[in-house]
Protein chains: 4
Amino acid sequence: MTTQSGKSPNPTRRSETSRRAILTAAFELVGEVGYARLSIEGIAARAGVGKQTIYRWWPSKGAVLFDAFLMLAEGRDDGSAALPDTGDLETDLRTVMRATVAELTDPRYDEPMRALTTELLHDPALAAAYTERLDGPMKELKRERLRSAQRAGQLPDELDLDLAVEMLWGPVRDRWLLRSGPLTPEYADAVVRTALGGLCSRP
Amino acid sequence: MTTQSGKSPNPTRRSETSRRAILTAAFELVGEVGYARLSIEGIAARAGVGKQTIYRWWPSKGAVLFDAFLMLAEGRDDGSAALPDTGDLETDLRTVMRATVAELTDPRYDEPMRALTTELLHDPALAAAYTERLDGPMKELKRERLRSAQRAGQLPDELDLDLAVEMLWGPVRDRWLLRSGPLTPEYADAVVRTALGGLCSRP
Amino acid sequence: MTTQSGKSPNPTRRSETSRRAILTAAFELVGEVGYARLSIEGIAARAGVGKQTIYRWWPSKGAVLFDAFLMLAEGRDDGSAALPDTGDLETDLRTVMRATVAELTDPRYDEPMRALTTELLHDPALAAAYTERLDGPMKELKRERLRSAQRAGQLPDELDLDLAVEMLWGPVRDRWLLRSGPLTPEYADAVVRTALGGLCSRP
Amino acid sequence: MTTQSGKSPNPTRRSETSRRAILTAAFELVGEVGYARLSIEGIAARAGVGKQTIYRWWPSKGAVLFDAFLMLAEGRDDGSAALPDTGDLETDLRTVMRATVAELTDPRYDEPMRALTTELLHDPALAAAYTERLDGPMKELKRERLRSAQRAGQLPDELDLDLAVEMLWGPVRDRWLLRSGPLTPEYADAVVRTALGGLCSRP
DNA sequence: TGCTAACCGAGACGGTACGTCCAGTCTTAGT
DNA sequence: ACTAAGACTGGACGTACCGTCTCGGTTAGCA
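Note that the structure is a prediction, hence the values are computed from the model and not measured.

### Things to note about the interface of chain B and chain A
Here is step 1 of the chain: Listed as interface residues are 47 residues of chain B and, on the opposing side, 47 residues of chain A.
Here is step 2 of the chain: Of the roughly 4,200 Å² buried at the junction of chain B and chain A (both faces included), carbon and sulfur atoms supply 64%.
Here is step 3 of the chain: If you look at where chain B meets chain A, you find four salt bridges.
Here is step 4 of the chain: Two residues, B:Asp174 and A:Arg173, come together in a salt bridge whose shortest N-O distance is 3.2 Å.
Here is step 5 of the chain: Along the contact surface separating chain B from chain A lie 18 residue pairs in polar contact (both at pLDDT 80 or more).

### Digging into the UniProt feature "domain: HTH tetR-type" (unreviewed entry) in chain A
Here is step 1 of the chain: As recorded in UniProt, the feature "domain: HTH tetR-type" (unreviewed entry) lies at residues 16-76 of chain A.
Here is step 2 of the chain: For residues 16-76 of chain A, helix accounts for 80% and strand for 0%, while the C-alpha atoms at its two ends are 19 Å apart.

### Thoughts on the packing of helix α5 (residues 89-105) of chain B against helix α9 (residues 185-197) of chain B
All names here are of chain B.
Here is step 1 of the chain: Viewed as axis vectors pointing N to C, α5 and α9 meet at an angle of 140°, and their least axial separation amounts to 9 Å. On the basis of the axis angle, α5 is oblique to α9. Relative to α9, the crossing made by α5 is right-handed. When α5 is examined against α9, the residues Leu89, Glu90, Leu93, Arg94, Met97, Arg98 and Val101 are found in contact with a partner set consisting of Pro185, Glu186, Ala188, Asp189, Val191, Val192, Arg193 and Leu196.
Here is step 2 of the chain: Looking at the contact of α5 with α9, its residues break down into nine nonpolar, no polar and six charged.

### Examining the packing of helix α4 (residues 61-76) of chain C against helix α7 (residues 124-151) of chain C
Residues and elements named next belong to chain C.
Here is step 1 of the chain: Across the interface, α4 lies against α7 with an axial gap of 11 Å and an inter-helix angle of 5°. The orientation of α4 with respect to α7, classified from their angle, is roughly parallel. Touching Gly62, Ala63, Phe66, Phe69, Leu70 and Ala73 of α4 are Leu126, Ala129, Tyr130, Arg133 and Leu134, all from α7.
Here is step 2 of the chain: Within the contact of α4 with α7, the residues separate by chemical class into nine nonpolar, one polar and one charged.

### Let's talk about the protein's contact with DNA strand E
Here is step 1 of the chain: In the vicinity of DNA strand E lie 40 residues, with A:Lys51, A:Gln52, B:Trp57, C:Thr53 and D:Ile40 positioned nearest.
Here is step 2 of the chain: Near the protein, within 4 Å, the atoms of DNA strand E are sugar or phosphate in 66% of cases.
Here is step 3 of the chain: Separating a phosphate oxygen of DNA strand E from a backbone N or O atom of C:Asn10 is a distance of 2.8 Å.
Here is step 4 of the chain: Take D:Lys51: an N or O atom from its side chain is 2.7 Å from a base oxygen of DNA strand E.
Here is step 5 of the chain: Only α2 (40-47) and α3 (51-57) of chain A, α3 (51-57) of chain B, α3 (51-57) of chain C together with α2 (40-47) and α3 (51-57) of chain D provide two or more residues apiece to the surface near DNA strand E.
Here is step 6 of the chain: Take the surface near DNA strand E: its biggest share by element is five residues, from α3(B).

### Description of the UniProt feature "DNA-binding region" (unreviewed entry) in chain A
Here is step 1 of the chain: Residues given the UniProt feature "DNA-binding region" (unreviewed entry) here are residues 39-58 of chain A.
Here is step 2 of the chain: Spanning residues 39-58 of chain A, this segment combines 75% helix with 0% strand, and its end C-alpha atoms are found 14 Å apart.

### Quick word on the domain arrangement of chain A
Residue and element names in this part refer to chain A.
Here is step 1 of the chain: Partitioning chain A into structural domains gives domain 1 (13-74) and domain 2 (79-197).
Here is step 2 of the chain: With centres defined by C-alpha atoms, the gap from domain 1 to domain 2 works out at 27 Å.
Here is step 3 of the chain: Each partner contributes residues to the interface: domain 1 has 15 residues there, and domain 2 has 15 residues.
Here is step 4 of the chain: Considering only the surface of domain 1 that becomes buried against domain 2, Tyr35, Phe66 and Phe69 emerge as the three largest contributors, covering 47% of it.
Here is step 5 of the chain: The tally of links between domain 1 and domain 2 comes to zero salt bridges.

### Description of the protein's contact with DNA strand F
Here is step 1 of the chain: In the vicinity of DNA strand F, 40 residues are found, and the nearest of them are A:Arg13, B:Tyr55, C:Lys51, D:Thr53 and D:Trp57.
Here is step 2 of the chain: When the atoms of DNA strand F within 4 Å of the protein are sorted by group, sugar and phosphate make up 67%.
Here is step 3 of the chain: In the model, a phosphate oxygen of DNA strand F is placed 3.1 Å from a nitrogen or oxygen of the A:Trp57 side chain.
Here is step 4 of the chain: Taken together, the residues that form the surface near DNA strand F break down as 10 nonpolar, 16 polar and 14 charged.

Scoring rules and cut-offs
Residues numbered from 1 in each chain as written. Chains lettered and ligands numbered in written order. Predicted model: local features only at pLDDT ≥ 70, side-chain atom pairs only at ≥ 80, totals over all residues. Heavy atoms only, no water. Contact = heavy atoms within 4.5 Å. Buried area = accessible area lost by both parts, 1.4 Å probe. Salt bridge = Lys/Arg side-chain N within 4 Å of Asp/Glu carboxyl O. Polar contact = N/O pair within 3.5 Å; in protein donor to acceptor, adjacent residues only side chain to side chain. UniProt positions renumbered as here; feature names shortened; annotations may be inferred. Helix = DSSP H or I, 4+ residues; strand = E, 2+ residues; numbered from the N terminus. Axes fitted to C-alpha atoms, helices over the stretch in contact; angles between N-to-C directions. Parallel < 35°, antiparallel > 145°, perpendicular 65-115°, else oblique. Left-handed = near helix turned anticlockwise from the far one by under 90°. Nonpolar A, V, L, I, M, F, W, Y, C, P; charged D, E, K, R; others polar. Near = heavy atom within 4 Å. Domains from an automatic or database assignment.

This is the structure we're talking about:
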């Protein structure tokens, strides 16, 4: 549940109440005051918790943020849900990509995700945990949908599915990160269409 | 030259010596100690400059970093250089994408670029300046190469060149940012090939 | 006119306008913001003067303050006026001492005088200038009044007049400085009476 | 023990070690570098203490200095000692006044006392604390000696003892403060003799 | 009357210290 | 043993001034 490694305190004594309060406070605070003003002291105060309780269980601010996302992801429990599979690959991808755009655009998630991304940028261990625990499961669902298309003969068997997922979601994440252009459902559609057909193909 | 806006001090009295010392110190320091330990105080000390001289001319640490990159970019003077155009689009794109991968992989630029990216993430104004001043010119070169391919009939006229560029470089930037997979020349090649042909096409 | 010593700039070129503006600004400012917040920059800004004009003509903040008092003292032109001499020494001393108390109590002079006193405390050269230029003339008037009393046989010839003046005004200055007790006209009267008669005498 | 007022941090958790280190450092530093160069940062550095520990417990630099004097005064433990009482008032007063002169002349105490005096000058609350905690006990001893003289019939019962003490020590403090004349044992003797006899009396 | 040196305002510069915030460690008292 | 609380050392923040240093623009005095 926690990113902490190495010699830890006895986890059976851990207060679940404090844990949830900390993660909730962290997520809310980062949304309210932004990444720059997010502090351990602030989280502890908001959660009604001693600072040491945070330092005891998490190695860094980023790890707290990470666990906060993890708690949310588990709360939604969509980890087991599959992506839509109507048989029409392009439509299904559009649906999912538009959902991604909607989430990235949601002001409640924007700041927290930027904050987490910042920590991932500078902490390879955290980034690995992210890849495995948060991004991984979602990416597997995406791969699974593409695999289904391969089975249906809509995609070549030799296609590297990891690469394919990255080609679809990479441009979207890029626009979100650097705000290099409008991040709209239409953009999602265009990415899907062009990715499937290739740059060379006439639409 | 500077990101500063609003009522500024008289720029004609500005010390060019201090300006260069600050930008150089900032770039070097972030490479040495990393983003987390980069401080205005540290930059000022390393540059042999009063803190106020930094606060007078730059609104944030990110703006200093941005100008440092700008100084470097202008020093390289590749702003006017065109991308290779041998007539073979795929080969040319591979060359350029491999160069991008090489730069992102270069340890001298990795940390500074991560630091700048962090600031861009949380500062829309800075991100806009980045898009216009640093990313923009390079992106125009890329668009120009694709335009040339359009003229040669290798790419359809209706292709959105912005989208095309993002589909090529987005996945690479993504892997770099989150270290979600190995960032190799081969990956660059694969992205180019798949982007051009489309996910559906048999290689 | 100035406390400045050593190699000075050519005083014939000196701007009398600036000089007066600086001294006025200094006196007013210290009364408004207090000693702790009095700064050369503030004086220069208030006087509409470059900082260098202050540094050129005065060696320290205290010297500016000193000259400000000097300007005031000369403006009042009571340097030549004699103290009252009605023949009744005690009454005359009461009058003068009450005037001293009134001045020290005047809110317009209280802060400026405290500020100047602070500087005198830590700058022997300035204290010497004060003793000679500001306190000296006034003390001579006081001595003169006592001398007149000696001539009239009201005070013994052997009396050390400096000591006498200090015994009269010292306690008053003390109460003012440390606010160690109420500084009232009645106190002035009591000091005069007791000093003349001595502690041992029955009033 | 401290001048701090208003809502304070929990004093039971206070580090006595840090407190003593701060007060000692403050006293030593002011003696070494003088009032003008005395800084909170310097005190903290010398004491091996975080700046916040000073700001947490004292409201101003002057309050630190005050407590430093308080610590010294308690260390000397002469608060309970009585002044000499040989029956010869003038001689006893000379002894005590000469001691005062010696202390004010002692280079180890001169700068620190000037610094404290400066703060008292501009901080009425601190001055009140000084009057009550430091000057008060000593003044009571002086009054007590004079009271004894009253009992012995050497001083009139109607004599205001506060005034008497101020008339004796005021001139001395005055000379010390403004260096308006030589501060010698002889001066102390002259003040005592003249104060007792009065200005009018023939010595 | 025109030249030139000194003064003027303005304000940028390298610095020091301010008083605040927070990091991460440690101690105390309570459950 | 873990917790809430919070004092501790320490480092950086962003601001205010220090005293020095140009910079153009007057201004006075000599040529």
